[in-house]
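# A look at the structure
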Amino acid sequence: MNNEKTVSVLNDLLNITNDRIEGFSKVEDKVWDTHSGLKSDYDQMVSQSQTMKNDLIGLINERGGEADNTTSTAGAIHRTWIDVKNSFSADKDESTLQNVVFGEKAAINAYQDALDSGDLCPESSKVVADQLHHLKSSFNKFENLEKRN
């Protein structure tokens, strides 16, 4: 297995995880006044993202790579778009939750692409598959809310 390819894919996932963490920081506390039942799920997603980040950094370091502990350009553009969109939205709570769902979909797709690439070593594939499972689980909670609205 080519360590360079594995490290590159893991760094892409690290950027996406950092995008998630940055995106979560955009969720305003007032959302929880309307959707208090999701607050604990959201807090778990934030905590889980930190754990995922640490796991990815560990895998990168174990493979002799250097962790690119930044966010992606696409993520930065998306967060800017969210800020602009929210400034014009009449229902900021729903708009914010829709953005969480959108971001989670993007992360799930990126994780699935990483697994499908064949560029991950077996240990990395296992960690990424476990993280994908957690992403899908948290996504389902927010997607169900979006479908009710």
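Going by the structure above, here's the rest.
Structure report, in brief.

What counts and how
Throughout, a residue's number is its position along its own chain's written sequence, starting from 1. Side-chain atom pairs in this predicted model are given and counted only at pLDDT of 80 or more, local residue features only at pLDDT of at least 70, and totals for whole chains, interfaces and linings cover all residues. As a rule here, side-chain values come from all non-hydrogen atoms in the structure, and water together with hydrogens is ignored. Counting from the N terminus, the helices are the DSSP runs of H or I reaching at least four residues and the strands are the DSSP runs of E reaching at least two. Each helix should span, by expectation, one fewer than its residue count multiplied by 1.5 Å. Each residue's exposure class comes from its accessible area (1.4 Å probe, protein chains only) as a fraction of the maximum for that residue type: buried when under 20%, exposed when over 50%, partly exposed otherwise. By definition here, a salt bridge exists when the distance from a side-chain nitrogen of Lys or Arg to a carboxyl oxygen of Asp or Glu is within 4 Å. In these notes, a set of buried Ala, Val, Leu, Ile, Met, Phe, Trp, Tyr and Cys residues joined through side-chain atoms within 4.5 Å is what counts as a nonpolar core. The contact definition used throughout considers only heavy atoms, calling two residues in contact when any of these lie within 4.5 Å.

Another aspect to go through is helix α3 (residues 39–62). Spanning 24 residues, α3 covers 35 Å between terminal C-alpha atoms, matching the ideal 34 Å at 1.5 Å per step. Those residues of α3 that sit buried are D41, Y42, M45, Q48, S49, M52, K53, L56, I57, L59 and I60. The first or second residue beyond α3 is G64, which carries a positive phi of 80°.

Considering the arrangement of structural elements, one finds T71 in the loop between α3 and α4 (73–88). In this structure, the C-alpha to C-alpha distance between T71 and L14, residues 57 residues apart in sequence, is 8.0 Å.

Attention now moves to the pattern of salt bridges. Pairs can form between side chains of opposite charge whenever their charged atoms are close. Enumeration over the complete set of coordinates arrives at five salt bridges. Between K39 and D43 there is a salt bridge, with its nearest N and O atoms 2.8 Å apart. Here K39 pairs with D43, and both are found in helix α3, just four residues apart, close to one helical turn. Overall, the relative accessible area of 28% leaves K39 in the partly exposed class. With its nearest N and O atoms 2.7 Å apart, the salt bridge here joins R63 to E123.

The next point concerns the nonpolar core. L10, W32, Y111 and F142 are the most contacted members of the largest nonpolar core, which totals 30 residues. The set of elements that each furnish at least two residues to this core consists of α1 (3–25), α2 (31–34), α3, α5 (92–116) and α6 (122–148). With residues near it in sequence (within four places) discarded, L10 still touches L56, L59, I60, R63, L120, S124 and V128.

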